[in-house]
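Architecture at a glance
This is what each chain is made of:
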Amino acid sequence: VDGGELVGFVTKFDFLKAFAFTTQQLVPHYDELMELPISKVMTVKVVHVTPEQPLTRALELMVETRARSFPVLDAAGALVGIISRQDIMRALKDATAHAKS
């Protein structure tokens, strides 16, 4: 909660969860879905990393949660970036290339 407002992220998974798959209805009606407030579908307990944490922490979290990316939040909780699997793979490649030199 930030200043009385709910804070979170809407992920691809959150978007997919908004679709109801029942025997009566495969997806909600478009109009109903578009009227839903973001707070009804967003992730509030966001797994994140901070800029100061070691890269190994992001890698551990990705393995534990099977997430493809994480928001990077500063001490105040503001978004300062996103770290993805691709970023970590690039860092590992760069580190091994320097080690061979």
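Notes on the structure in this doc start here. (Residues numbered from 1 in each chain as written. Predicted model: local features only at pLDDT ≥ 70, side-chain atom pairs only at ≥ 80, totals over all residues. Heavy atoms only, no water.)

Next up on the list: the overall build of the protein. Each helix and strand counted, the protein has four helices and two strands in total. Secondary structure elements in the protein, listed N-terminal to C-terminal, are α-α-α-β-β-α. Burial analysis of the protein (101 residues in total) assigns 18% to the buried set. Partitioning the contacts of the protein with sequence separation of at least 6, the portion at a separation of at least 24 is 38%. For the protein, the accessible surface area stands at approximately 8,200 Å², while carbon and sulfur atoms represent 60% of it. (Helix = DSSP H or I, 4+ residues; strand = E, 2+ residues; numbered from the N terminus. Buried < 20%, exposed > 50% of the residue type's maximum accessible area, 1.4 Å probe, protein only. Contact = heavy atoms within 4.5 Å. Areas by Shrake-Rupley, 256 points an atom, 1.4 Å probe, with all protein chains shown as cover.)

If you walk through the whole model with that rule in mind, you get three salt bridges. For R57, the salt bridge identified is with E60, shortest N-O distance 3.3 Å. Of this pair, R57 and E60 both sit in helix α3 (residues 55-65), three residues apart, roughly one helical turn. Of the residues examined, E60 reaches a relative accessible area of 41% and is grouped as partly exposed. The shortest N-O distance in the salt bridge between R90 and D87 comes to 2.7 Å. Placement of both R90 and D87 in helix α4 (residues 85-100) is noted, with a separation of three residues, approximately one turn of the helix. (Salt bridge = Lys/Arg side-chain N within 4 Å of Asp/Glu carboxyl O.)

Moving on, we get to the pairing of strand β2 (residues 79-84). Here five bridges tie strand β1 (residues 69-73) to β2, and the two strands are oriented antiparallel to one another. What sits directly across from F70, in β2, is I83. Connecting β1 to the antiparallel partner β2 that follows it, the hairpin turn spans five residues, and G77 within it adopts a positive phi of roughly 85 degrees. (Pairing = 2+ DSSP bridges.)

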